[in-house]
Amino acid sequence: MGSLFEELEAREATARVRVDELEEQLAEVTGRLEESRETLDRLRIARETVSEVMAEMSAGTSAAVDAEPEAVGADEAEESSAYAGAERQMVGVLAVPHWRPGMETSALPKVYRDIVEVVRDAPGPVRAKQVVPRIGLPAEVGKIEGTRGKLKRLVARGWLTEGDPGLFTAARREAETGSNSS
């Protein structure tokens, strides 16, 4: 009978060790969960604060900025979130305007202005991966893809042209206007 009690004591000790290990893991996971919750709260507060600031900043300038087609009909969206109006106004402020005769690159947000200047100064067509280091970004896949998206947006808005896929040049009319205004 003694061996049965010894076996039960051994199993109990093993189970106790396993419980202690799991409690340690639980404490670690709980700590990571609390850190993640704090990060989430900080990010939510930062987003809300930025939305409020942008709404206040754009309230005075939104009348002077051309509305994007997507921004029309903002009245319905404002009721869905306390910050929906601010986000919609922020889009209007940061939008890349469609090129019009006489418009200069100063109408563009800084990163887009830098991209147009790099493309304009290049001796020939350029690819996104050539633009990225010239605008001060690391040549990482994410930065290249983001810049490619900006290049395509500039093409869609008439600031640049894309001859062969992925090869960007200054739009002829933009180049002509740019040389007259310099």
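## Brief notes about the overall build of the chain
Point 1. What the chain contains, in helices and strands, is 7 helices and 2 strands.
Point 2. The secondary structure elements of the chain, listed N-terminal to C-terminal, are α-α-α-α-α-α-β-β-α.
Point 3. Burial analysis of the chain (182 residues in total) assigns 26% to the buried set.
Point 4. Partitioning the intrachain contacts of the chain with sequence separation of at least 6 by distance along the chain shows that 53% fall at a separation of at least 24.
Point 5. Entry remark: accessible area of the chain is about 12400 Å², with carbon and sulfur atoms responsible for 55%.

## Re the nonpolar core
Point 1. With 21 residues, the main nonpolar core has Leu108, Ile115, Val119, Val131, Leu151, Leu154 and Trp159 as its most contacted residues.
Point 2. Counting residues per element, the ones that place at least two in this core are helix H4 (110–121), helix H5 (128–134) and helix H6 (141–156).
Point 3. A total of 5 residues in this core trace back to one element, the largest contributor, which is H4.
Point 4. Residues within four places of Leu154 in sequence aside, it is in contact with Val96, Leu108, Tyr112, Ile115, Val116, Trp159 and Leu160.

## Re H6
Point 1. Taking 1.5 Å as the rise per residue, H6 with 16 residues should run 22 Å; its terminal C-alpha atoms sit 22 Å apart, in good agreement.
Point 2. Where H6 is buried, its residues contact H4, H5, strand E1 (160–162) and strand E2 (168–170).
Point 3. Phi for Gly158, located one or two positions after H6, is positive at around 90°.

## As for the packing of H4 against H6
Point 1. In the contact formed by H4 and H6, the axes pass within 11 Å of each other and the chain directions differ by 80°. Considering their axes alone, H4 and H6 lie roughly perpendicular with respect to each other. Seen from H4, the contacting residues are Val111, Tyr112, Ile115, Val116 and Val119; seen from H6, they are Thr147, Lys150, Leu151, Arg153 and Leu154.

## Comments concerning the confidence of the model for the chain
Caution applies to low-pLDDT regions: their predicted coordinates should not be interpreted in detail.
Point 1. The predicted model of the chain averages 78 in pLDDT, with 74% of residues at 70 or higher.
Point 2. Mean pLDDT per element in the chain: helix H2 (residues 74–78) is the minimum at 42, and H5 is the maximum at 93.
Point 3. Across residues 62–93, where pLDDT falls below 50, the model places 26 contacts with residues more than four positions away in sequence or in other chains.

## Observations regarding the pattern of salt bridges
Point 1. Tallied over the full model, the rule gives 9 salt bridges.
Point 2. Taking the shortest distance from any N to any O, the salt bridge between Arg44 and Glu48 comes out at 3.3 Å. Placement of both Arg44 and Glu48 in helix H1 (residues 2–61) is noted, with a separation of 4 residues, approximately one turn of the helix.
Point 3. One salt bridge in this structure joins Lys152 and Glu162, with 2.9 Å as the shortest N-O distance. Here Lys152, found in helix H6, pairs with Glu162, found in strand E1; they are 10 residues apart in sequence, far enough to count as distant.
Point 4. With relative accessibility at 24%, the residue Glu162 sits in the partly exposed group.

## What about H4?
Point 1. With 12 residues, H4 should cover 16 Å at 1.5 Å per step; its first-to-last C-alpha distance of 16 Å lies within 8% of that length.
Point 2. Taken residue by residue, H4 has Tyr112, Ile115, Val116, Val118 and Val119 as its buried positions. Each buried residue of H4 lies within a common arc of 160° when the element is viewed along its axis, so the set occupies one face. Away from the buried face of H4 by more than 90 degrees, exposed residues Lys110 and Asp121 are located.

## Describing the environment of Leu160
Point 1. Relative to the elements of secondary structure, Leu160 occurs in strand E1.
Point 2. Judged by relative accessible area, which is 2%, Leu160 ranks as buried.
Point 3. Along the backbone, Leu160 and Arg172 are 12 residues apart, and their C-alpha atoms lie at a distance of 8.2 Å.
Point 4. Each residue touching Leu160, except ones within four places of it in the same chain, is listed here: Val116, Val119, Leu151, Leu154, Val155, Thr169, Ala170 and Ala171.

Conventions adopted
- Residues numbered from 1 in each chain as written.
- Predicted model: local features only at pLDDT ≥ 70, side-chain atom pairs only at ≥ 80, totals over all residues.
- Heavy atoms only, no water.
- Helix = DSSP H or I, 4+ residues; strand = E, 2+ residues; numbered from the N terminus.
- Buried < 20%, exposed > 50% of the residue type's maximum accessible area, 1.4 Å probe, protein only.
- Contact = heavy atoms within 4.5 Å.
- Areas by Shrake-Rupley, 256 points an atom, 1.4 Å probe, with all protein chains shown as cover.
- Core = buried A, V, L, I, M, F, W, Y, C linked by side-chain atoms within 4.5 Å.
- Expected span 1.5 Å × (residues − 1).
- Axes fitted to C-alpha atoms, helices over the stretch in contact; angles between N-to-C directions.
- Parallel < 35°, antiparallel > 145°, perpendicular 65-115°, else oblique.
- pLDDT = per-residue confidence, 0-100.
- Salt bridge = Lys/Arg side-chain N within 4 Å of Asp/Glu carboxyl O.
- Arc of directions from axis to C-beta.

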